[in-house]
Amino acid sequence: MIDPDLRRRWNDLAEEVRRHRDLYYNDQPEIPDADFDALFRELQQLEEDHPELAVPDSPTMEVGAPAVVSSTFDNVEHLERMMSLDNAFDEDELREWLTRTPSDTYLTELKIDGLSIALVYRDGRLERAATRGDGRIGEDVTANAKVIDDIPHELTGDDIPALLEVRGEVFIAVEDFDEVNELRQAEGGKPFANPRNAAAGSLRQKNPEDVRKRRLRMIAHGIGAREGFTPASQHEAYTALAGWGLPVSPYTEQVHSADEVVEKVRHWAEHRHDAAHEMDGLVVKVDSYAEQRALGATSRAPRWAIAYKYPPEEVATQLIDIQVGVGRTGRVTPFAIMEPVFVAGSTVSMATLHNQTEVKRKGVLIGDTVVIRKAGEIIPEVLGPVVEKRDGSEREFIFPTLCPSCGTRLAPQKEGDADWRCPNTRSCPAQLSSRLTYLAGRGAFDIEALGEKGAQDLIRTGILSDESGLFDLTEADLAASKVYTTKAGKVNASGRKLLDNLATARETDLWRVIVALSIRHVGPTAARALAGRYRSLPALIDAPVDDIADTDGVGTIIAESFRNWFEVDWHRALVERWAAAGVTMEESGEDLAEQTLEGLTIVVTGSLEGFTRDGAKEAILSRGGKASGSVSKKTSYVVVGENAGSKETKARELELPILDEAGFVRLLETGSPE
Ligand code: ZN
């Protein structure tokens, strides 16, 4: 008989571990990895002390190999096992390792914070791509790997081996992270905490077309099984890989003494943010394969390599206050206001605390000295309080019961939800102003004159009580506005621009209208698919939910969300009023551009005169082409505008066809630049 209290404690802990593990694998971790590890160890300890608790479905029995829990991908066995790396956490440990592995040539490589992948090339053709999994068995992600520009489908050059297993890291570059997160949010998802989660989540998506949009990159960092390829050293292998068209790291260096290795470690500790990708350490390898073989491996890691791990960059500061914000969907999120402090490359004064459960878990009080760091070096995160520094003046944060924006009583959407929402979706000023700015965004109606300030003004002055009246606005309506009129109450330049923008915005693509409705989970991808298939909003509203769910790239969750949205009276009224104001409700047939670019991948770099960045992309997509952010051998054309940089250089190196703006216009019209 197990003590019920013990049982309950185990149950709670197991629940927590399961929840956070799911969040982690869905790339929405709420807590830092270290906190998860602590939870997990606590559960393990409890089961060790009370073996009767260790039931077969305990999370301690299943963790560690996501391959086993995957239902989306097939499991495949690696040709050669993918080992882990031993770590060194300080210079002493590194020196010890260097003493054990005397050599006159080491390689130092940046440890990319991404996701490991193994590519199998047979006779030069990409046969398979698999995630690391538990090192023996990974997930087959071949279809997804094939849409990553850096991964060649076919090796080129001389002496291509009969078999080659390439190990590498898939990652999202720092410069692409924000954009990938915007896309994710536009599609209704929570932003990724860091590029590593973003890379992992992106590579493991079901639909390769979704993977393509995530701008994944890859760098090779080793080889596994091989036939017909016998390099003498690691760096010789890299040179060969590069010759066959595989990407290798520009940061890898050859050094010739232990002191030089230590010097590199110190150098990169100072320059962590200089690389194009996130890094969490420096990998040191003995270069010669003969020496590597002589050193051998333990059961889990090779003896000829070590990963020097840099400490996460953490600093302490004062938690001045905790306030709450109301988002577009009504979610009420507490956030920390801190004494500004410099951490990992920028000054930070605010950080999200996610929800009240998180505030409790972190145990922070207003007035505390708190430790913060940047998760993945980008998003600031409060780790917890420095309890010793308390002087008794700190106070607990009390989650508001009323919406700070409209005063409506807050409630969880479902029983037990950690997130609380303001149910006054229609006219809560905070929600309405975020919806207005969202629908005015470039991914929807593109109403340039309607920004955050303008939206708040239209609401505060009572000119708009929800978004339904937006397209009926007249000069007379704007008279009460502060943003859109002069002091004398006459419509100013911004006001005229707003009315002009509104007149143009009415005649837009149907998918943009669908995006503008702010329906949960219905982002640009789903909206495009729905508009393309039904070609009319009324037809779409009348369609059965199963039928909608059958649309490519839509599915049940989105279909149901769509249907639920239209069950709300004021939502229907809103669409009717927009329609009456002349907003597009049908996909106009003649506007559908000729699919001149089918099968072509086009990179636009530098600035063009006649196109914005998004406009050029849109022009390519609407004609059936692929718009890519990075140049590779698979790129069909590179369009070069003013101030193009490294992409142009790379295009010239690869001898790709380069077009100027005029050539681009011809290409759009005819499918050929001539
Ligand atoms: Zn509210």
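Look a little higher up for the structure.
One structure accompanies this document, and this report is about it.

Each value, and the rule that gives it
- Residues numbered from 1 in each chain as written.
- Predicted model: local features only at pLDDT ≥ 70, side-chain atom pairs only at ≥ 80, totals over all residues.
- Heavy atoms only, no water.
- Helix = DSSP H or I, 4+ residues; strand = E, 2+ residues; numbered from the N terminus.
- Rg over C-alpha atoms; globule rule 2.2 N^0.38 Å.
- Contact = heavy atoms within 4.5 Å.
- Areas by Shrake-Rupley, 256 points an atom, 1.4 Å probe, with all protein chains shown as cover.
- Pairing = 2+ DSSP bridges.
- Axes fitted to C-alpha atoms, helices over the stretch in contact; angles between N-to-C directions.
- Buried < 20%, exposed > 50% of the residue type's maximum accessible area, 1.4 Å probe, protein only.
- Parallel < 35°, antiparallel > 145°, perpendicular 65-115°, else oblique.
- Left-handed = near helix turned anticlockwise from the far one by under 90°.
- Donors = N, O, S within 2.8 Å, 3.2 Å for Na, K, Ca; no water.
- Tetrahedral: all angles 85-135°; square planar, octahedral: opposite > 155°, others 65-115°.
- Phe/Tyr/Trp six-rings, centres within 6.5 Å; stacked < 30°, edge-to-face > 60°.
- Salt bridge = Lys/Arg side-chain N within 4 Å of Asp/Glu carboxyl O.
- Nonpolar A, V, L, I, M, F, W, Y, C, P; charged D, E, K, R; others polar.

**Quick notes on the overall build of the protein chain**
Stage number 1. Summing up its helical and strand segments, the protein chain has 24 helices and 22 strands in all.
Stage number 2. A compact globule built from 674 residues would reach a C-alpha radius of gyration of about 26 Å, and the protein chain, at 28 Å, matches this within 12%.
Stage number 3. Based on the C-alpha atoms only, the size of the protein chain along its principal axes is roughly 85 × 75 × 50 Å.
Stage number 4. In the protein chain, of all internal contacts separated by at least 6 residues, the share reaching a separation of at least 24 is 68%.
Stage number 5. As presented, the protein chain carries roughly 32000 Å² of accessible surface, and 48% of it is formed by carbon and sulfur atoms.

**What about the sheet that holds strand β9 (residues 253–255)?**
Within a beta sheet, neighbouring strands are joined by backbone hydrogen bonds and run either parallel or antiparallel to one another.
Stage number 1. If you walk across this open sheet you meet the 5 strands as β2-β11-β10-β3-β9, and the pairing is mixed. Each edge of the sheet is formed by a strand with only one pairing partner; in this case those strands are β2 (87–88) and β9.
Stage number 2. Relative to strand β10 (residues 279–286), strand β3 (residues 106–112) runs antiparallel, the two sharing 7 bridges. By the bridge assignment for β10, Thr108 is matched with Val284.
Stage number 3. Across the face of the sheet, helix α4 (residues 91–100) comes into contact with β2, β3, β10 and β11 (305–309) while running at roughly 170° to β11.

**A short note on the pairing of β11**
Along any regular strand the residues' side chains alternate between the sheet's two faces.
Stage number 1. Counting buried positions over the 5 residues of β11 gives 4, a clear majority of the element.
Stage number 2. Sheet topology note: the β2/β11 ladder contains 2 bridges and is parallel. Each residue of the ladder has a partner; that of Asn87, found in β11, is Ala307.
Stage number 3. As paired elements, β10 and β11 share 5 bridges and run antiparallel to each other. Of the residues in β11, the one forming a bridge with Leu282 is Tyr308.

**Considering the sheet that holds strand β19 (residues 601–605)**
Stage number 1. The strand order across the open sheet built from 4 strands is β20-β19-β21-β22, with neighbouring strands paired in parallel fashion. The open sheet has two edge strands, β20 (626–628) and β22 (658–659), and neither has a second partner.
Stage number 2. Across 4 bridges, β19 lies against strand β21 (residues 637–640) in parallel orientation. Paired with Ile602 across the strands is Tyr637, a residue of β21.
Stage number 3. Its contacts with the sheet put helix α22 (residues 613–622) on β19 and β20, and the angle it makes with β20 is roughly 145°.

**Section: the pairing of strand β12 (residues 314–326)**
Stage number 1. Across 7 bridges, β12 lies against strand β13 (residues 331–343) in antiparallel orientation. Within the sheet, the bridge partner assigned to Asp321 lies in β13 and is Ile337.
Stage number 2. Connecting β12 to the antiparallel partner β13 that follows it, the hairpin turn spans 4 residues, and Gly330 within it adopts a positive phi of roughly 90°.

**Observations concerning the packing of α4 against helix α10 (residues 258–270)**
Stage number 1. Viewed as axis vectors pointing N to C, α4 and α10 meet at an angle of 150°, and their least axial separation amounts to 10 Å. Here α4 lies roughly antiparallel to α10, going by the angle between them. Of the two elements, α4 crosses α10, and the hand of that crossing is right-handed. Here Glu91, Leu94, Arg95 and Leu98 of α4 lie close against α10, whose contacting residues are Ala258, Asp259, Val261, Val262, Val265 and Arg266.

**So, the environment of Pro102**
Stage number 1. The residue Pro102 is located in the loop between α4 and β3 in this model.
Stage number 2. Expressed as a C-alpha distance, the spacing of Pro102 and Trp304, which sit 202 residues apart in the sequence, is 9.9 Å.

**Here we look at the coordination of the zinc ion**
Stage number 1. Around the zinc ion, the protein supplies Cys403 (SG), Cys406 (SG), Cys422 (SG) and Cys428 (SG) as donor atoms, at distances of 2.3 Å.
Stage number 2. Its 4 donor atoms give the zinc ion angles of 101 to 114° at the centre, a pattern that matches the tetrahedral case.
Stage number 3. Counting gaps between the donor residues of the zinc ion yields the pattern C-x2-C-x15-C-x5-C. One end of the pair, Cys403, is in the loop between β16 (379–385) and β17 (411–412); the other, Cys428, is in the loop between β18 (420–421) and α13 (429–439), and 25 residues separate them in sequence.

**Comments concerning the packing of aromatic side chains**
Stage number 1. Tallied over the full model, the rule gives 12 aromatic pairs.
Stage number 2. Seen from their ring centres, Phe397 and Phe399 are 6.0 Å apart, and the 80° between their planes marks the pair as edge-to-face. Across this residue pair, the class does not change: Phe397 and Phe399 are buried.
Stage number 3. With centroids separated by 5.4 Å and ring planes inclined at 75°, the aromatic side chains of Phe445 and Trp578 adopt a geometry described as edge-to-face. Remark: Trp578 occurs in helix α21 (residues 569–580) and Phe445 occurs in the loop between α13 and α14 (452–460); sequence separation between them is 133 residues.

**Some remarks on the pattern of salt bridges**
Stage number 1. Evaluated as defined, the whole model comprises 29 salt bridges.
Stage number 2. In this structure, Arg122 and Glu127 form a salt bridge, with 2.9 Å as the shortest nitrogen-oxygen distance.
Stage number 3. With a relative accessible area of 35%, Arg122 lands in the partly exposed category.
Stage number 4. For Glu127, a relative accessible area of 41% puts it in the partly exposed group.

**Describing α22**
Stage number 1. Inspection of α22 places Ala616, Glu618, Ala619 and Ile620 among the buried residues, and these make up the whole buried set.
Stage number 2. Buried residues along α22 sit in contact with α16 (510–516), α17 (524–534), β19, β20 and α24 (661–670).
Stage number 3. Immediately downstream of α22, the backbone of Gly624 shows phi near 85°, a positive value.

**Focus on the packing of α13 against α14**
Stage number 1. Remark: α13 packs on α14, axes separated minimally by 9 Å, with the N-to-C direction vectors making an angle of 135°. Judged on the interaxial angle alone, α14 and α13 are oblique. Once α13 is placed against α14, the crossing between them reads as right-handed. Together, Pro429, Leu432, Ser433, Leu436 and Thr437 of α13 and Glu452, Ala455, Gln456 and Ile459 of α14 make up the contact between the two elements.
Stage number 2. Grouping the constituent residues of the contact of α13 with α14 by class yields 5 nonpolar, 3 polar and 1 charged.

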